[in-house]
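Next come the chains, spelled out residue by residue.
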Amino acid sequence: MQKLQGVIKPIRGEDYLVDVRYLWGVLLDSKVLIVVLTAAGIVLALMWGIISPPVFQAEALIQLEKEGTENIFSKLYGLQPDDTSSASTEIVLIKSRSVLGKSVEDMGLDIEIEQEKFLNLAKAGARLLGQRNVQVTVPVFNVPEERLDQPFSLTILDEGRFSLAGDNVAMHGRFGEALNAEGMTIVVSQSDASPDTRFTLTKINPFKAIKNLEKNLNVVESSKDTGMLRLSLLGEDPKTIRRILSSISDNYVHKSIDKKSESARKSLTFVQHQLPLIKAQLEKAESRLNLFRKERGSIDLPMEARTILDSGVEIDSQLSALKVEQSDLSKRYTPAHPAFRALLEKKQALEKAKAALGNKISAMPETQQNVFRLTRDVQSAQDIYMLLLNKQQELNIDTVSTVGNVHIVDAAEVLPQPIYPKNRQLVLTGAVLGLVLSIALVFIRNVFRRGISGSDQLRQMGFSVFSSIPYSKKQQGERSGVSEPLLAISAPDDSAIEAIRSLRTSLYFQLKQAENKILMLAGATSHIGKSFISSNLAVVFAQSDLRVLLVDADMRRGYLHNIFNVGYAPGLSELLSSGLAFGQAIHHTRVSNLDVMTRGTAPSNPSELLLTPRFPAFCQWASEHYDVVIFDTPPVMAVGDAMIIANYSGVNLMVARFEVTTPDELDISLTQFAQEGYEVNGVVLNATHRRAAQFFRHGHYENYQYAMNKKS
C-alpha cells in the first residue's frame, strides 16, 4: 500500500503563465451566468429607456462677420481697424450672465414647477398611455431673498382659485390676479389641472438658474475660422427649449448691436465736444492772420515756404486726428494693444517730422516766419474742423443705423426625434456592460475559488486518486441531511453509480491484499458527500454477492438510518457502552446481503467509547462475519474519531468534494494521519463536473459518460 505524504509540490515558474485556452474554458463553464447577466443588462437598459423622459435638442446657427466699421481717421492715416473678436471669445460671451441672465428673466426660468408625487415611473406610464402631463402657468413669482430655493405647495382649487402654502405661509388667490402677502408676489395665469392637484413651486436663485441653463447649452464653431457658431440646447419640452434658444440668440445679437451703438455714441460725444473748440481756434487764427496782413500789407510766401507750409498743415491735421483716435482707443484697449501701440508710433514719427519742419522755419526771415505760422494755423484749423464735421455726420448715421457683426443664419428649431434615450444604443450599452460585468465576475470568482479543481491537481500535489465520482442531483438532498432514495437502487445507470462500481473494483483488490476486510471512509470537513459514497458503495458491493456491513461511526450527527429507513437505535453507541451483543445492534436492509449498524443514541463521549475494548472486538467480529465492512467516519479536522478507527482498518480512503474541499484542508488531514503513523491509501474526488477549463488545460474532462441506450 502506498503511504501518502502531506506535502504539496512547489509551484513551478510556468504555472504563472497566462493560459488563454484555460481562461476561455472558464468562460464556457459559466456561459449560463454570462448569458443571464447580459440579458439582465439588456432588460435594465430597456427599463431605463422606458422610465427616462425623452430629451430633445434645439439648434440655431449664428454668423460672425469681420468688423466692418473703421474709424475715419484710421482710413485717412493708415491705422489698424478694430480687431475682430475670436470665436472662442464670442462663445464665452454667449454663455455669460449678461446674455443667459436676460433669457432666464424673460422666460421665467428661475421659477421651477413640478407636480407632486409624479415620479419618472408614473411619467413613463403616462407617456406610454398617451396621457398629457397637467401644467400650471406662473408668470410672476417673487420672494424675499431668504426664501430663495425654498419649496412651496401650490394647490389648484375649483372656480379658478388656488392656494399657496409653505413655511409660515398660507395664501389664497384667483387666476390672473396678483397676490401679494408676506413680502411675496405671485400670479397664476392658467392651469389645465383638475381641482386638488398639487404642484411644488420653487423660486430658485438666479445664479443657480443661469448655471442650470449653461449646463444644457452647448456652443461650438462649426469649422475652424469660419465664424459660424452652432448653438444647441437640451430639454424635455420641445416648445420650451425652442423659445429659450431663440431668446438666447436674440439677446446675443442685441448685445452685439448695443455694444457697437454705445461705442458710436461715445465717439459722437467726444467729437461734439471738440467741434466748438476747433471752431474757436479757427476763428482766432483767421483774426490774427487778417490783422497781420492789415498791418504789414499783403505778403506772398516763396514756393519753398509754401511747400513747408503744406507739409506742416498736413502734419498738424494728422496729429489732431491722432489725438481724437487716441481718445477713442483708450476707452476700448490698454496701451499694450497692437492698435494702440501703432497709434503711438505714428504720433512719434509725426512729431519728429514737425520738429524737422520747425528747424527749416527758423531759418526763414522773421516776416516770412510770422506769415508762415499764421497761415499754417488757419489751414490746420480748417482741415481739422472739416474732418470733425464729417465725422459727426458719420457717427450720427452709425448711431441710428447700427447693424452689428452678428447675424442669425438659422433660427432655433427642434430636431424631430429625441436624442435620448436611443433604444438601440441603450440595448448595446446594456449588453456590453452586462457582458463585461459577467466576465469580470466569472474571473473574480475563479480567482477566489480555492477548492480542488480536478484529479490532475491532486496528482500534481502527490496524492493518489482512486476515483472521480460525477455529480448527481440526488446528492443535493444528501448534503442537507434530507433522506433521499439510494442512487444505486433508484438510478443504477447513473454516471455517479458507474464511477462507484469502478471504485468498488479497485477496492476489491485492495481489500484482498489488506490485513482485514475493513474499509474506512474519512473526510476533512462535513458536507462533502462521504455518506453518499459509503452508502452507495455498500450497495454495489452487496450487489456483487458479497456480505456487507455499513457502520455509521459518526455517533454525533450520523444519518445513515435516514437513508436506509431504519431506526437509529440500537446502534454503535449502545454496542460500545453496554453489553449488547454485536448482532443485536445490526439492522437488516431491503438490499440483499447489506446490513447497517446505525450511530445509536448520541453519547457525550464518542471518542472515549471507541477507545474501549469493545470496539476492537467488534471489528474482529465484523471481519469474520462479513466480506466487506465499511466505516463512515466524522470529519477529520473536527474530531479525532477517524484516527482511532484507522488503527483497525485495512484500507483508508479520504473523500474530497470537487471545488469545495481545499488542498490545504486535504493536506492537513493527511498530515494528521501520517503523524499518528496510519496509512491513507488514496483520495476519492466526489461531485465532479465536466469543466471546459479542465479540458483546455489538461486535454480531457474530469469524467465521461457512457449511458445505456434505452431506445434499443
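Residues numbered from 1 in each chain as written. Predicted model: local features only at pLDDT ≥ 70, side-chain atom pairs only at ≥ 80, totals over all residues. Heavy atoms only, no water.

**Details of the overall build of the protein chain**
A tally of regular secondary structure across the protein chain gives 24 helices and 22 strands. When burial is assessed residue by residue, the protein chain has 45% of its 712 residues classed as buried. Here the protein chain has roughly 37400 Å² of accessible surface; of this, 53% comes from carbon and sulfur atoms. (Helix = DSSP H or I, 4+ residues; strand = E, 2+ residues; numbered from the N terminus. Buried < 20%, exposed > 50% of the residue type's maximum accessible area, 1.4 Å probe, protein only. Areas by Shrake-Rupley, 256 points an atom, 1.4 Å probe, with all protein chains shown as cover.)

**Thoughts on the sheet that holds strand β7 (residues 169-174)**
Spatial ordering of the open sheet is given by β2-β11-β5-β6-β7, a layout of 5 strands whose pairing is antiparallel. Lying at the two open borders of the sheet, with one neighbouring strand each, are β2 (111-115) and β7. Adjacent strand axes in the sheet meet at a mean angle of 25° when their direction is disregarded. Here 4 bridges tie strand β5 (residues 151-156) to strand β6 (residues 161-166), and the two strands are oriented antiparallel to one another. Its bridge partner lying in β6, Ser 153 is registered against Ala 165. (Pairing = 2+ DSSP bridges. Axes fitted to C-alpha atoms, helices over the stretch in contact; angles between N-to-C directions.)

**Focus: the sheet that holds strand β4 (residues 140-142)**
With antiparallel pairing, 3 strands are arranged side by side in an open sheet as β4-β9-β8. Taken across any chain shown, the strands that pair with only one partner, and hence form the sheet edges, are β4 and β8 (179-181). Across the sheet, the axes of successive neighbouring strands diverge by a mean angle of 15°, strand direction being ignored. Of the strand pairs in this sheet, β4 and strand β9 (residues 184-187) are connected by 3 bridges, and their pairing is antiparallel. Residue pairing in the sheet places Phe 141 in a bridge with Ile 186 of β9.

**So, the nonpolar core**
Core analysis: the biggest nonpolar cluster contains 46 residues, and Leu 549, Met 597, Phe 618, Phe 631, Met 654 and Phe 673 have the highest contact counts within it. Not counting residues up to four positions away in its chain, the partners in contact with Met 654 are Ala 522, Gly 523, Ala 524, Val 636, Leu 666, Ser 669, Leu 670, Phe 673, Val 680, Gly 682, Val 683 and Val 684. Counting 42 residues, the second-largest nonpolar core is a separate cluster that includes Phe 466, Leu 511, Ala 538 and Leu 653. (Core = buried A, V, L, I, M, F, W, Y, C linked by side-chain atoms within 4.5 Å. Contact = heavy atoms within 4.5 Å.)

**Some details on a nonpolar patch on the surface**
A cluster of nonpolar residues, Val 43, Leu 44 and Met 47, forms a patch on the protein surface that exposes about 300 Å² of accessible area. As for its position among the elements, Met 47 is in helix α2 (residues 31-51). Given a relative accessible area of 47%, Met 47 falls into the partly exposed group. (Patch = residues over 30% accessible without salt bridge, like charges linked within 9 Å, V, L, I, M, F, W, Y side chains within 5 Å. Salt bridge = Lys/Arg side-chain N within 4 Å of Asp/Glu carboxyl O.)

**Looking at the packing of aromatic side chains**
Scanning the model with the defined rule gives 10 aromatic pairs in all. Here the aromatic rings of Phe 582 and Phe 618 are separated by 5.8 Å at their centres, their planes lie at 70°, and the arrangement is edge-to-face. Separated by 36 residues along the polypeptide, Phe 582 in the loop between α19 (572-577) and β18 (587-588) and Phe 618 in helix α21 (residues 614-625) bring together distant segments of the chain. Both residues of the pair, Phe 582 and Phe 618, belong to the buried class. Arranged with centres 6.3 Å apart and planes meeting at 25°, the rings of Phe 618 and Trp 621 form a pair that is stacked. With Phe 618 and Trp 621 both in helix α21 and 3 residues apart, the pair spans about one turn of that helix. A residue is classified by how much of its surface remains accessible, and Phe 618, at 0% relative accessible area, is buried. (Phe/Tyr/Trp six-rings, centres within 6.5 Å; stacked < 30°, edge-to-face > 60°.)

**Quick word on the pairing of strand β16 (residues 518-523)**
Of all the 6 residues making up β16, 6 are buried; the element is thus mostly covered by neighbouring parts of the structure. Covered by surrounding structure in β16 are Ile 518, Met 520 and Ala 522 together with Leu 519, Leu 521 and Gly 523, the residues of both alternating faces. Sheet topology places β16 next to strand β20 (residues 628-632); 4 bridges connect them, and they run parallel. Its bridge partner lying in β20, Leu 521 is registered against Asp 632.

**Considering helix α5 (residues 97-107)**
The set of residues buried in α5 consists of Val 99, Leu 100, Gly 101, Ser 103 and Val 104. Following α5 by one or two positions, Gly 108 adopts a phi angle in the positive range, close to 65°.

**Topic: the pattern of salt bridges**
One pass over the structure, following the stated rule, counts 10 salt bridges. A salt bridge links Lys 203 to Asp 110; its shortest N-O distance comes to 2.8 Å. Of this pair, Lys 203 sits in strand β11 (residues 198-203) while Asp 110 sits in the loop between α5 and β2, and the two are 93 residues apart along the sequence. On the accessibility criterion, Asp 110 (11% relative accessible area) is buried. Notably, a salt bridge pairs Arg 556 with Asp 641, separated by 2.6 Å at the nearest N-O pair. Taken together, the residues Arg 556 in the loop between β17 (548-552) and α18 (560-563) and Asp 641 in helix α22 (residues 641-646) connect sequence positions 85 residues apart.

**Overview of the confidence of the model for the protein chain**
The share of residues in the protein chain with pLDDT of 70 or more is 79%, and the mean pLDDT across the chain is 80. Taken element by element, the protein chain is modelled with least confidence in helix α3 (residues 72-77), mean pLDDT 42, and with most confidence in β20, mean pLDDT 96. Predicted confidence for residues 1-16 stays below pLDDT 50, and this span has 32 contacts to residues more than four positions away or in other chains. Segment residues 477-483: pLDDT under 50, and 13 contacts once partners within four positions in sequence are set aside and those in other chains are kept. (pLDDT = per-residue confidence, 0-100.)

**Side note on unusual backbone geometry**
Omega for the peptide link from Tyr 420 to Pro 421 comes to -5°, which places this bond in the cis form. At the junction of Ala 569 and Pro 570, the peptide bond is cis and its omega measures out at -5° in the coordinates. Locating Pro 570 in the fold gives a position in the loop between α18 and α19. One non-glycine residue, Asn 168, lies in positive phi territory at about 60°. Positionally, Asn 168 belongs in the loop between β6 and β7.

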